[in-house]
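Coordinate analysis (summary)
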Amino acid sequence: MGDFENKEREEVFSKKVRAGKRTYFFDVKATRSGDYYLTLTESKKRLEDGVFVKHKIFLYKEDFEKFAEGLNETVEYIKSHQEVIEKRYEYSENGEFSHSSKSDSDSYSY
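Residues numbered from 1 in each chain as written. Predicted model: local features only at pLDDT ≥ 70, side-chain atom pairs only at ≥ 80, totals over all residues. Heavy atoms only, no water.

Some points on the sheet that holds strand 4 (residues 52–60)
Ordered in space as 1-2-3-4, the four strands form an open sheet in which the pairing is antiparallel. Only two strands of the sheet have a single neighbouring strand rather than two, namely strand 1 (10–19) and strand 4. Mean inter-strand twist for the sheet, computed between neighbouring axes without regard to direction, equals 20 degrees. Bridge analysis of strand 1 against strand 2 (residues 22–30) gives nine bridges, and the strand direction is antiparallel. Counterpart to R18 in the pairing with strand 2 is T23. (Pairing = 2+ DSSP bridges. Helix = DSSP H or I, 4+ residues; strand = E, 2+ residues; numbered from the N terminus. Axes fitted to C-alpha atoms, helices over the stretch in contact; angles between N-to-C directions.)

So, the confidence of the model for the protein chain
Confidence in the prediction for the protein chain averages 81 pLDDT; 71% of positions are at 70 or higher. For the stretch residues 1–8, pLDDT sits under 50, and the model shows eight contacts to residues farther than four places along the chain or on other chains. Low confidence marks residues 104–110, where pLDDT is under 50. Its contacts with residues over four positions away, or in another chain, come to 11 contacts. (pLDDT = per-residue confidence, 0-100. Contact = heavy atoms within 4.5 Å.)

Right under this line is the structure:
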């Protein structure tokens, strides 16, 4: 069974995106039969106890197009109904972070 689990979760590609208090992971993995799928993970540290809480979505290749259409439509709705403010986070030497805001709704593309 251990061999199946390792093969089921074989990581092919990974992209880490830090965004303030959250970190997002985009991981391409391979099933036992060699089919790729995507896991989207949000990780956020709870302030009260320092534990990292993770939320994960599994996205399979047959759903990519519909998922992308839904994401694009939703992002366009937000951009057309509310100004999108890009936050840039900088980490200081003491481990804390600060952020600055930049209003530029044209800087996003999906």
